[in-house]
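Take a look at the letters that make up each chain.
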Amino acid sequence: DNGWTNISTGSSSAAVITKDSFDGDGSTIIFTMTVQESNPQNILVFIGGVYQIPTTNYSVSGYQITFGSAPPAPTGVPGDNDHKITILHGFDSVGS
């Protein structure tokens, strides 16, 4: 037993996950993604490694993601990644 359990009822084919990465600047709230999205539930979004809640912290429309408030700018402190934005696409096909 490897500790993993299949809880989906979908096909056994692997999902294709695409990653977008951006840097916050403290003022920009709209970023252009490489994958078109219509449902914010189909992506995972992190700012500085902290998970963002769909429709509460961001919305999506086509290739754009809009944050409710601007992700922070870099502080200049070595190792500070609070401004790093990571978006993972491809979860709309999981379990389908």
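Residues numbered from 1 in each chain as written. Predicted model: local features only at pLDDT ≥ 70, side-chain atom pairs only at ≥ 80, totals over all residues. Heavy atoms only, no water.

Q: Would you explain the overall build of the protein in this entry?
A: Across its full length, the protein holds zero helices and six strands. When the helices and strands of the protein are placed in sequence order, the string is β-β-β-β-β-β. Here the contacts in the protein between residues at least 6 apart in sequence split such that 70% fall between residues at least 24 apart. Split by element, the accessible area of the protein, about 6200 Å² in all, is 52% carbon and sulfur. (Helix = DSSP H or I, 4+ residues; strand = E, 2+ residues; numbered from the N terminus. Contact = heavy atoms within 4.5 Å. Areas by Shrake-Rupley, 256 points an atom, 1.4 Å probe, with all protein chains shown as cover.)

Q: Looking at this structure, how should I read the pairing of strand β3 (residues 44-47)?
A: A regular strand places its side chains so that they alternate between the two faces of the sheet. The alternating pattern of β3 places V45 and I47 on a buried face, while none of L44 and F46, on the opposite face, is buried. Here β3 pairs with strand β6 (residues 84-89) via four bridges, running antiparallel. In the sheet register, F46 faces β6, and the bridge partner there is T86. Pairing analysis gives two bridges linking β3 to strand β4 (residues 50-51), with the strands arranged antiparallel. The residue bridging F46 from the neighbouring strand is Y51, located in β4. (Buried < 20%, exposed > 50% of the residue type's maximum accessible area, 1.4 Å probe, protein only. Pairing = 2+ DSSP bridges.)

Q: Honestly, the side chain of H83 in this entry has me stumped. Any pointers?
A: As for its position among the elements, H83 is in the loop between β5 (58-67) and β6. Ignoring sequence-local partners within four residues, the contact set of H83 consists of F22, D23, G24, P72, A73 and P74.

Remember, this is a structural readout, not a statement about activity or role.
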